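# Coordinate analysis (summary)
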Amino acid sequence: AGCVCRVELSVSCRNLLDRDLGSRSDPLCVLLQDLGGRWAELDRTERIKNCQDPEFCKKLVLDYYFEKVQKLKFGMYDIDNKSFDLNDDDYLGGIECTLGQVVSSSVFTRPLELKQGKPAGKGTITISAEEIKDTRVVYLEIEAQNLDKKDFLGKSDPFLEFYRQSDAGTWQLVYRSEVIKNNLNPCWRKFSVPLQTFCGGDFNKPIKVQCADHDSDGSHDLIGTFETSLAQLQGAGSTSPVEFECIHPEKKQKKKSYKNSGIIRIKSCKIETEYSFLDYVMGGCQINFTVGVDFTGSNGDPRSPDSLHYISPDGVNEYLVAIWSVGSVVQDYDTDKLFPAFGFGAQVPPNWQVSHEFALNFNPSNPYCQGIQGIVDAYRQTLPQIRLYGPTNFSPIINHVARFAAHAAQQGTASQYFILLIITDGEITDLDQTRQAIVNASKLPMSIIIVGVGEADFKAMEFLDGDNGVLKALTGEPAARDIVQFVPFRQFKNAPREALAQMVLAEVPKQLVSYYKWQGWPPVKPP
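You'll find the chain entered in an unreviewed UniProt entry as Copine-3, with Chaetura pelagica given as the organism. Of the comments in the UniProt record for the chain, the one headed Function (unreviewed entry) reads "Calcium-dependent phospholipid-binding protein that plays a role in ERBB2-mediated tumor cell migration in response to growth factor heregulin stimulation." According to UniProt, the comment filed for the chain under the heading Sequence similarities (unreviewed entry) is "Belongs to the copine family."

Next up, the structure:
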């Protein structure tokens, strides 16, 4: 899965029930996760004696995945014995929620319940999340002077390697530069390494730098080496670079007059913070979810059981499953839970004009549906009232969402990101306009997910996905970043419902971060 990171949750409660005679409760909080229909304990806090308003010191730690709905249960218990088992302890109330709800609200407070609908007195629980990570990155610019000539016919082809010392004392490679051909005074391009990788976050950890002459047969010749630490490298500023003598140990032993094999100069060493997906979400970024549904004639008559829009007796079809599975994940990241939903490619009452972006609820000035259930209801009500037609044009609905994304981008803050889910049978008429629309949208805070239903050949959709190379507009202009994820529904026919969402949403965290990084925008409220 794409965005695996560890999250720690801090828990506190107010006004817990009193279960002890003569003294206050001794609370502990246990965290359970729904793993395929059964609750499994993930972690628990310490017990605090005689306290109705506990603030627990021990953090609850778990893995976070954007593309999954992670159902959690927090249970408060009054512990009066030494046994680990909680069945013999008094239950003080609990809550059920998703991890998405917790990370998308800066402070998550809920009333405790003894069971569904039965409050545990005035008790409340407050949970806040923090990502466990070191997001700092080391940026280095390095050049060298007067390196030894190693090649018989030309000068050397130097490259650099950085090693960090492990706790066991061995050297681990953390970075290898590009090779600069035929140059004894090379200037390598600026590079970055995560601080955690570079030195485990320890500024005094020994770092060994080797400079070698590249040979195409792999028998690279050592030019020289030196040892340093990040603390030393940090002395490099624009006016005063830090210089190291590059020493070849054998030459130094053999020759009394040996000075060095060149000078390595650190032109700059900066440490910057790289923000993660969770930094943006926890920092107040709203994810806006829009759905576009393909109502073109190639889907087949909705009244006929072989149509892709036919709703089976148990009330589902592939369009509905796709809306549910993707929507159920994304809805936790949108506070107002109002989702615009559109159809395209149908003749719409009252005058039966073909429309390529009509509101599913037939209210163009307010196309918002209340929650994912609202989209599903609007879809079911619309279906009998329209005539499936054509052509299949994607660009109007992409441009529609892009207008909102462009408006949000003008604010210059990482406050709104847009996800457009298009569900289609894959026949597309306006491929060239759609290519241009996607290239334009790639410069905006948005991602496009295309789910292909039915058995069609999805070559055009795969082309738009751009995984086989950068998508270009007809003019030759390339997309600024990859924003389209295409998935054929048939691959998930017999898989659990969650699998589809996991596949299509796994890329979104990377896409969101890549956009804000490209703009240079930090989270609205940085960690």
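Alright, that's what it looks like, and here's the rest.
Let us look at the pattern of salt bridges. One side chain can pair with another of opposite charge once the charged atoms of both are near each other. Under the definition given, this model contains 16 salt bridges. The salt bridge involving arginine 265 is made with glutamate 243; its shortest N-O contact spans 2.8 Å. Linking arginine 265 in strand E16 (residues 263-273) with glutamate 243 in strand E15 (residues 242-245), this pair joins segments that are 22 residues apart in sequence. The closest approach of N and O atoms between arginine 490 and glutamate 455, which form a salt bridge, is 3.8 Å. With a gap of 35 residues between them, arginine 490 in the loop between strand E26 (484-488) and helix H11 (497-505) and glutamate 455 in the loop between strand E25 (446-452) and helix H10 (459-465) connect regions that are remote in the sequence. Through salt bridges that share partners, Glu143, Glu243, Arg265 and Lys267 make up one connected network.

Attention now goes to the nonpolar core. Counting residues in hydrophobic clusters, the biggest one holds 117 residues, and the most contacted among them are Leu9, Phe74 and Ile398. By residue number, the principal contributor to this core is helix H6 (residues 318-330), which donates eight residues. If you count residues domain by domain, this core takes at least three from each of domain 1 (5-132) and domain 3 (278-519). Setting aside its immediate chain neighbours within four residues, isoleucine 398 contacts Leu420, Ile422, Thr434, Ala437, Ile438, Ala441, Met446 and Ile448.

Strand order in this open sheet of four strands is E11-E10-E13-E14, and the pairing throughout is antiparallel. What marks the edges here is a single partner per strand, and that holds for strand E11 (171-176) and strand E14 (221-228). Neighbour to neighbour, the strand axes of the sheet diverge by 25° on average, direction disregarded. Two elements, strand E13 (residues 207-213) and E14, share seven bridges in a ladder whose sense is antiparallel. By the bridge assignment, valine 209 is partnered in E14 with phenylalanine 226.

Here we take up a nonpolar patch on the surface. Residues Leu338, Tyr368 and Phe404 make up a contiguous nonpolar surface patch of roughly 260 Å² in combined accessible area. By the element assignment, leucine 338 lies in strand E18 (residues 338-344). Leucine 338 sits in the partly exposed class, given a relative accessible area of 32%.

All right, on to the pairing of strand E5 (residues 71-78) then. Summarising burial for E5: six of the eight residues are buried, a large majority. One ladder, built from seven bridges, connects strand E2 (residues 27-35) with E5; its direction is antiparallel. For cysteine 29, the partnering residue across the bridge sits in E5 and is methionine 76. Two strands pair when backbone bridges link them, and E5 and strand E6 (residues 90-98) are joined in this way by eight bridges, in the antiparallel orientation. Bridging from a neighbouring strand, tyrosine 77 pairs with tyrosine 91 of E6.

A word on unusual backbone geometry. Of note, the amide linkage connecting proline 349 to proline 350 takes the cis form, showing an omega dihedral of 0°. Secondary-structure assignment places proline 350 in the loop between strand E19 (346-348) and strand E20 (353-355). Backbone torsion omega between glycine 390 and proline 391 reads -5°, so that peptide bond is classified as cis. The topology assignment puts proline 391 in the loop between strand E23 (387-388) and helix H8 (395-409). At asparagine 50, a residue that is not glycine, the phi angle is positive and equals roughly 45°. Its identity as a non-glycine residue notwithstanding, phenylalanine 362 has a phi of 60°, on the positive side. Note on placement: phenylalanine 362 falls in the loop between strand E21 (358-359) and strand E22 (368-370).

Within this structure, the stated rule accounts for zero disulfides. Distance from the sulfur of cysteine 211, which forms no disulfide, to the nearest cysteine sulfur (cysteine 246) is 4.9 Å.

Bringing empty space enclosed by the protein into the picture now. One pass over the full model with this rule turns up one cavity of 30 Å³ or more. As a volume, the largest cavity reaches approximately 60 Å³. In this structure, the largest cavity is lined by Tyr64, Tyr65, Lys68, Val69, Gln70, Thr98, Leu99, Gly100, Ser328, Val329, Asp332 and Tyr333. Of all elements in the fold, only helix H1 (99-104) and H6 reach the threshold of two or more residues within the lining of the largest cavity. Its residues assigned to classes, the lining of the largest cavity comprises six nonpolar, four polar and two charged. A domain split of the lining of the largest cavity shows at least three residues from each of domain 1 (5-132) and domain 3 (278-519).

Here we come to the environment of glutamine 232. Along the polypeptide, glutamine 232 turns up in helix H3 (residues 230-233). The spacing of glutamine 232 and tyrosine 64 is 168 residues in sequence and 36 Å in space, taken between C-alpha atoms. Apart from residues no more than four positions distant in its own chain, glutamine 232 is found in contact with Glu227, Val242 and Phe244. Only 2.8 Å separates the side chain of glutamine 232 from the side chain of threonine 228, close enough to count as a polar contact.

The subject of this paragraph is the sheet that holds E16. The strand order across the open sheet formed by four strands is E12-E9-E16-E15, and the pairing between neighbours is antiparallel. At either end of the open sheet lies a strand with only one pairing partner, and these are strand E12 (191-194) and E15. For this sheet the average axis-to-axis angle between neighbouring strands, irrespective of direction, equals 35°. Summarising the sheet, strand E9 (residues 136-145) and E12 pair through four bridges and their orientation is antiparallel. Counterpart to leucine 140 in the pairing with E12 is phenylalanine 191.

Attention shifts here to the side chain of histidine 248. Structurally, histidine 248 is set in the loop between E15 and helix H4 (249-254). When sequence neighbours within four positions are dropped, the list of residues in contact with histidine 248 reads Lys150, Leu222, Ile223, Gly224, Tyr258 and Ser261.

The rules behind each value
- Residues numbered from 1 in each chain as written.
- Predicted model: local features only at pLDDT ≥ 70, side-chain atom pairs only at ≥ 80, totals over all residues.
- Heavy atoms only, no water.
- UniProt positions renumbered as here; feature names shortened; annotations may be inferred.
- Salt bridge = Lys/Arg side-chain N within 4 Å of Asp/Glu carboxyl O.
- Helix = DSSP H or I, 4+ residues; strand = E, 2+ residues; numbered from the N terminus.
- Core = buried A, V, L, I, M, F, W, Y, C linked by side-chain atoms within 4.5 Å.
- Buried < 20%, exposed > 50% of the residue type's maximum accessible area, 1.4 Å probe, protein only.
- Domains from an automatic or database assignment.
- Contact = heavy atoms within 4.5 Å.
- Pairing = 2+ DSSP bridges.
- Axes fitted to C-alpha atoms, helices over the stretch in contact; angles between N-to-C directions.
- Patch = residues over 30% accessible without salt bridge, like charges linked within 9 Å, V, L, I, M, F, W, Y side chains within 5 Å.
- Areas by Shrake-Rupley, 256 points an atom, 1.4 Å probe, with all protein chains shown as cover.
- Disulfide = S-S within 2.5 Å.
- 1 Å grid on protein atoms, 1.4 Å probe; cavity = no way out; pocket = protein on both sides within 12 Å on 5 of 7 lines; lining within 4 Å.
- Points joined across faces, edges and corners; volume = space filled by probe spheres on them.
- Nonpolar A, V, L, I, M, F, W, Y, C, P; charged D, E, K, R; others polar.
- Polar contact = N/O pair within 3.5 Å; in protein donor to acceptor, adjacent residues only side chain to side chain.

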